[in-house]
Amino acid sequence: MQGKGVVKFFLVVMTIVTLVQYFFILPTQKVEKAAEEYARASTSNLSEDLQKTAFKMKRAEFLDSMSSEEVFKIPLLKSYTYQELKSQQLALGLDLKGGMSVVLQVDLRQFIRALANDSKDPTFEEALNRASQAQKTEQADFVSLFFDAWNEVKGDKKLAPIFTRNEALRDEINYETGDGEVVRVIRAKADETVDLTFKLLKERIDKLGVTQPNVSLDASRDLIIVELPGIDNPERARTFLEAAAKLEFYNVFRISDPGVQQAFIEANQRLAQTMSGSSVDREILRIDTTFATDSLGNVIAGEITSIDTIYGSASQSGPLFEALTLNTTGAQGLAVLGFAKKNQRRYIDSLLAKPDVKSLFPRDMVLRWGKDPMKDFETNEVTDNYELYALKPSRDGKAAMTGDHVVDASANPDPQTNEVAVSLKMDNTGAKIWGQLTTEAAQDNNREIAIVLDDEVVSAPRVINPILTGDSQITGSFSIQEGKDLANILQIGKLPTDTEIIQESLVGPSLGEENIRNSTIALTVGFILVLLFMIAYYGGGGIVSILALILNIFFIFGALASYGTVLTLPGIAGIVLTIGMAVDANVIIYERIREELREGKSLLMAVSDGFQNSYSAIIDANVTTLLTAFVLAYFGLGPIKGFAVVLIIGVLSSLFTAVLVGRLMIDQWLKNKERSMSFSTGLSKNAFADLSIDWLGKRKMAYIISGAIILAGLVSMATRGFELGVDFKGGYSYNVTIEGAEVEASALRSALTEAFEGNEPIVKSVDTENTYNVVTDYLVESTDDDADEKVMMALYNGVNGITGGNIDLEQFKAPDGNGTHVESSSKVGPTIADDIKSSAFYAATFALLLIFLYIFIRFSKWQYSLGAVAALFHDTLVVMGIFSIFHGILPFSLEIDQAFIAAILTVIGYSINDTVVVFDRIREFLNNYTKSSKEEVINSAVNSTVSRTIITSLTTLFVVAILFFFGGASIRGFAFALLVGILVGTYSSIFVATPIMSDLTGELRAKDTKSDKKGFSKAAETAR
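Residues numbered from 1 in each chain as written. Predicted model: local features only at pLDDT ≥ 70, side-chain atom pairs only at ≥ 80, totals over all residues. Heavy atoms only, no water.

## Considerations on the overall build of the chain
The secondary structure content of the chain amounts to 35 helices and 25 strands. Across the 1024 residues of the chain, 54% fall into the buried class. Contacts in the chain between residues at least 24 apart in sequence constitute 73% of all its contacts with a sequence separation of at least 6. Carbon and sulfur atoms form 55% of the exposed surface of the chain, whose accessible area is close to 45,700 Å². (Helix = DSSP H or I, 4+ residues; strand = E, 2+ residues; numbered from the N terminus. Buried < 20%, exposed > 50% of the residue type's maximum accessible area, 1.4 Å probe, protein only. Contact = heavy atoms within 4.5 Å. Areas by Shrake-Rupley, 256 points an atom, 1.4 Å probe, with all protein chains shown as cover.)

## Section: helix H31 (residues 862–886)
Since one α-helical turn is 3.6 residues long, residues separated by three or four positions face the same way. Counted at 1.5 Å a residue, the expected span for H31 with its 25 residues is 36 Å, and the 36 Å between its end C-alpha atoms agrees. At the exit of H31 stands Gly-888, carrying a positive phi of roughly 85 degrees. (Expected span 1.5 Å × (residues − 1).)

## Description of the nonpolar core
Core analysis: the biggest nonpolar cluster contains 129 residues, and Ile-666, Ile-855 and Ile-922 have the highest contact counts within it. Of the residues forming this core, the biggest block, 17 residues, is contributed by helix H32 (residues 898–928). Once you skip the residues sitting within four places of it in the chain, Ile-666 turns out to touch Val-544, Tyr-590, Val-607, Phe-611, Met-677 and Phe-679. In terms of nonpolar packing, the next biggest core, distinct from the first, is built from 43 residues, Met-100, Trp-150, Leu-159 and Ala-237 among them. (Core = buried A, V, L, I, M, F, W, Y, C linked by side-chain atoms within 4.5 Å.)

## As for the pairing of strand S1 (residues 70–74)
As defined by bridge partners, S1 adjoins strand S2 (residues 78–81) across four bridges and the pair is classed as antiparallel. Bridge pairing links Phe-72 to Tyr-80 in S2. (Pairing = 2+ DSSP bridges.)

## Focus: unusual backbone geometry
Backbone geometry places Asn-117, a non-glycine residue, at a positive phi of 55 degrees. Residue placement: Asn-117 occurs in the loop between helix H6 (108–115) and helix H7 (122–134). Judged by its relative accessible area of 43%, Asn-117 falls in the partly exposed class. A positive phi is found at Asp-118, a non-glycine position, where the angle reads about 55 degrees. Checked against the element boundaries, Asp-118 lands in the loop between H6 and H7.

## Some details on helix H1 (residues 4–23)
Between its terminal C-alpha atoms H1 stretches 28 Å, which fits the 28 Å expected from 20 residues at 1.5 Å a residue. Val-7, Leu-11, Thr-18 and Gln-21 are the residues of H1 that are buried. One side of H1 holds all its buried residues, which, seen down the axis, span an arc of 95 degrees. The exposed set on the far side of H1, more than 90 degrees from its buried face, consists of Gly-5, Phe-9 and Ile-16. (Arc of directions from axis to C-beta.)

## Some details on the packing of helix H23 (residues 615–635) against H32
Between H23 and H32, the least distance of the axes is 8 Å, while the angle of their chain directions is 160 degrees. Considering the angle they form, H23 stands roughly antiparallel to H32. Considering only the axes of H23 and H32, their crossing is right-handed. Mapping the contact onto sequence places Ser-616, Ala-617, Asp-620, Ala-621, Thr-624, Thr-625, Thr-628 and Leu-632 in H23 and Ala-902, Leu-905, Ile-908, Gly-909, Ile-912, Asn-913, Val-916, Val-917, Asp-920 and Arg-923 in H32. Here the contact of H23 with H32 is composed, by residue class, of nine nonpolar, six polar and three charged. (Axes fitted to C-alpha atoms, helices over the stretch in contact; angles between N-to-C directions. Parallel < 35°, antiparallel > 145°, perpendicular 65-115°, else oblique. Left-handed = near helix turned anticlockwise from the far one by under 90°. Nonpolar A, V, L, I, M, F, W, Y, C, P; charged D, E, K, R; others polar.)

## Some points on the packing of H6 against H7
The interhelical angle for the contact between H6 and H7, taken along N-to-C directions, is 165 degrees, at an axis separation of 11 Å. Classified by the interaxial angle, the pair formed by H6 and H7 is roughly antiparallel. Of the two elements, H6 crosses H7, and the hand of that crossing is right-handed. Note on element contacts: H7 touches H6 through Phe-124, Glu-125, Leu-128, Asn-129 and Ser-132, opposite Arg-109, Ile-112 and Arg-113. Here the contact of H6 with H7 is composed, by residue class, of three nonpolar, two polar and three charged.

## Quick word on the packing of aromatic side chains
Applying the stated criterion across every chain yields a total of 29 aromatic pairs. For the ring pair Tyr-22 and Phe-554, a centre distance of 5.3 Å and an interplane angle of 35 degrees mean the geometry is tilted. With Tyr-22 in helix H1 and Phe-554 in helix H20 (residues 540–563), this residue pair connects regions lying 532 residues apart in the sequence. Here Phe-883 and Phe-976 contribute two aromatic rings whose centre-to-centre distance is 5.9 Å and whose plane-to-plane angle is 40 degrees, an arrangement assigned as tilted. Of this pair, Phe-883 sits in helix H31 while Phe-976 is found in helix H34 (residues 969–1000), placing the two residues 93 residues apart along the sequence. Judged by its relative accessible area of 1%, Phe-883 falls in the buried class. Aromatic rings pair up to connect Phe-533, Tyr-537, Tyr-538, Tyr-590, Phe-679 and Phe-958 into one cluster. (Phe/Tyr/Trp six-rings, centres within 6.5 Å; stacked < 30°, edge-to-face > 60°.)

## Focus: the environment of Ile-162
Mapped onto the secondary structure, Ile-162 falls in helix H9 (residues 160–163). Along the sequence, Ile-162 and Ala-116 sit 46 residues apart, while their C-alpha atoms lie 5.8 Å from each other. The residues contacting Ile-162, other than those within four sequence positions of it, are Ala-116, Ser-119, Asp-121, Phe-124 and Trp-150.

## Things to note about the confidence of the model for the chain
Summing up the model confidence of the chain, the mean pLDDT is 79 and the portion of residues at 70 or higher is 83%. Across the chain, the secondary-structure element scoring lowest on mean pLDDT is helix H35 (residues 1016–1023), at 42, and the one scoring highest is helix H25 (residues 699–719), at 93. Here residues 277–316 scores under 50 on pLDDT; set against residues more than four positions off or in separate chains, the count is 63 contacts. Between residues 1005–1024, whose pLDDT stays under 50, and residues either more than four places distant or in other chains, the model counts 40 contacts. (pLDDT = per-residue confidence, 0-100.)

## Things to note about the side chain of Asp-121
Mapping Asp-121 onto the fold places it in the loop between H6 and H7. Note on Asp-121: relative accessible area 16%, which makes it buried.

## Some thoughts on the environment of Glu-591
Tracing the sequence through the fold places Glu-591 in helix H21 (residues 569–598). Using a relative accessible area of 6% as the deciding quantity, one classes Glu-591 as buried. Sequence separation between Glu-591 and Ser-614 is 23 residues, and the spatial gap between their C-alpha atoms is 9.3 Å. Setting aside residues up to four positions removed in sequence, Glu-591 forms contacts with Tyr-537, Tyr-538, Ser-947, Arg-948 and Ile-951.

## A word on a nonpolar patch on the surface
Taken together, the side chains of Phe-846, Leu-849, Leu-853, Phe-856, Ile-857, Trp-862, Leu-866 and Leu-1000 present a nonpolar region at the surface, about 750 Å² in accessible area. Secondary-structure elements contributing two or more residues to the nonpolar patch are helix H30 (830–859) and H31. Here the nonpolar patch gets five residues from one element, more than from any other, and that element is H30. Following the sequence through the fold, Leu-866 ends up in helix H31. (Patch = residues over 30% accessible without salt bridge, like charges linked within 9 Å, V, L, I, M, F, W, Y side chains within 5 Å. Salt bridge = Lys/Arg side-chain N within 4 Å of Asp/Glu carboxyl O.)

## So, the pairing of strand S18 (residues 499–507)
Of all nine residues that make up S18, eight are buried, and the element is covered over most of its length. Examined bridge by bridge, strand S4 (residues 99–106) and S18 share eight bridges and lie antiparallel to one another. Counted as the bridge partner of Val-103 is Gln-503 from S18. In the sheet, S18 pairs with strand S24 (residues 821–828) via five bridges, with the strands oriented antiparallel. Across the sheet, Glu-504 pairs through a bridge with Lys-827, a residue of S24.

## Thoughts on the pattern of salt bridges
According to the stated counting rule, one finds 28 salt bridges in the structure shown. The structure contains a network of salt bridges with shared partners spanning Arg-592, Glu-595, Glu-596, Lys-601, Asp-609, Arg-921 and Glu-924.

Below you can see the structure in the form of structure tokens.
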């Protein structure tokens, strides 16, 4: 073996680096143990109800305080903080640990509109609308989609004039700038914005107190993928992720200002006329709206006339006052114009936005709702009403001051009011503006200033005295945690553009523990089966392959940790699959060694030639698998990308351990001439040695069988279709565990159909006892802010109704709750569902194209490429057909989702792996002997590779079957697709790819071959 020293060097280096990766676990475990002890001591005196939540907060607080502390040091080299060590360890994904995952879309539509200074150009608006529509199905970034749309609708218009209105762009864009250059500038600005949004979100998440969060950017699609293991408050996480943190300070209109109340009354009258055709009694509107004031000019609330006294039943005769109650008593403060129920706000906004109504109000008035429900004036209890405010922008139409000037923020209880207050410290410019703003407000009858966060009024305090220090406070109905979160968000700063959650998953910790247990069983049992088989079949060679496999797993986990991979269920599936495929190289080598031994060669010569003659097939087989894995890594999202990374690392590690380290171990053992090594046992010595099957003669029967299966599948696809998962059609998916009541899936479906307003969900029993998976597209296209909450409430009402009506709502919604509760949930919006479908199509297309090109380059004949790709189409259609035919019949889910696409691409890689090995031997035989007929040569080549094909498939089937039986419901459909794919791929390499290649290839040309040349004659004789 050449280069033994190089192999030994890399083996030693990789072993040391991997051991260090594993060693990093010890100091972090010490810190985490201390965190738990601190949290336990800090919460020991709390009640049982509060202890669980408080324990998590205190533990997170301790770990956060230790994140930048040095906890480990390598003398003379480097020191490590807790956060640095933790980032270099293998993190568990949500499906193994529980937690929350979201995909955020960066809103570049609003960003481009802002660059154009909110241009109202109709062509510009049409291009934006078309780009937004295209974004649902296209893979391109939004700027490219916008440019394509602009070219479709622009006519003879130029893009530059629209953006020259923005002073910040005038150095780069003028009236003569071409459209291409304008788009280049916009793209550069957009890339900066997306990158900044990504970085700010990472900073926010670091303050969320989550251990090992995973945040990644898909810049090609302006997507940010966030995984938050262990998070138990999804609402808090959503606020953290979606809040733009746009802090603004405004002067306000008061209800007592001249014309304000009268404008509302006239608006109500006008709406009554236009919407119902009736007129409000004119006499009622002749009223005196003058407010009584004290000596300072402040309105005396007690002297304000009741609204019912002012216009009697008018509130019942106009649509506006049926939804909105004016603040005519002044009880809520004069900055509050009125209040309304939560579900009436959007309706009121639409009424007041009507042009003929809007014209009644001051032109510079901007209406905004309060952030939190208001409190009752007398009882101080929280109601379900929200307050309406009227903001007064500056002359430029903007806020009097923004949060850009905030340099520090903190949250603490106010000792006087006992409310949590967020304290703000401003820079010098901000302090100057704030001083002027508060001085003017104090001098204007102690007028209020509205503090607005993300277009919602947090509070509107009256200014008694000017504030000249640049320090201020925001008070509201904050809990301590909410106050700290707001302070953290404001301290980091506002996001440069909005983000929208378009996909969300929530997994409870109990489900994660179950997945870990099942996956560990699958890994262990699969490994033991492979170990026993390799030793039973290959004897001493089998022991070497097992040692190489152990080393392979050792390196895989170390590499995944150093790469920063998050291990998920699909990732574990990749490891299980790697265990099966890792022996593939050993099988190819050992089968070739056995052939060489049958020819009468010495053991050392047989080992040398066996390795040498196996490299071509091994390289071809693994490169094709890597090609599909790279495609999956490029087009996949989240866990699927993790699966691809595991597969890539596994294949590379397998090549190193099985081929190089395996050869090194064998050579070291045989270095002592007194030693020997067996590559077979009494049971396997002559297995597959005397095959002489006419494989090509059976191709017509194979064509008929394959054609019938594919035809049945196509008919089923056209009639029954598929069980599309939520990934592909959009919607909500919940796993609901029901305790204390026996519920049939059909009864639950009926109850939920009523709760979902006639929208029938898919309800399936999960293999966990009394757990059901509920999938619905109810309200999935709703733009309401509380759409998710409405769907959850509908689910709760349906389940609560069928189980007796005693379920606690908060426990039901909590993924770690007790009793009947939602164990896991996910939401996929229509946009990302279309995106996933497009990704799946492109992934499969590119994988087939790459494989076609690679086979063509390696074999120099298009017949090989076409035969291989035809077999892959065959395998894909068979697997899809079986999923279509048997969905709803087999007792487990056969959903078409992202995991299924990963399985299909894995099947493609595995199938081409088999096919390439067969083709490689056919090419070898055809090149070395051409006096026999083409059919004889091909049949002999196939006969010589059947042993490898069957053994490799068998070892892979061992581990995939274990994954199928022990992996749990979450991964059973994925494992089933692999099982079917491996069987079909083994069949197609012999009965589809080879016959098609043969049928497309002409007869062989006769040529002389040296009798002593190693070639077909001897190999064929051996095979026979």
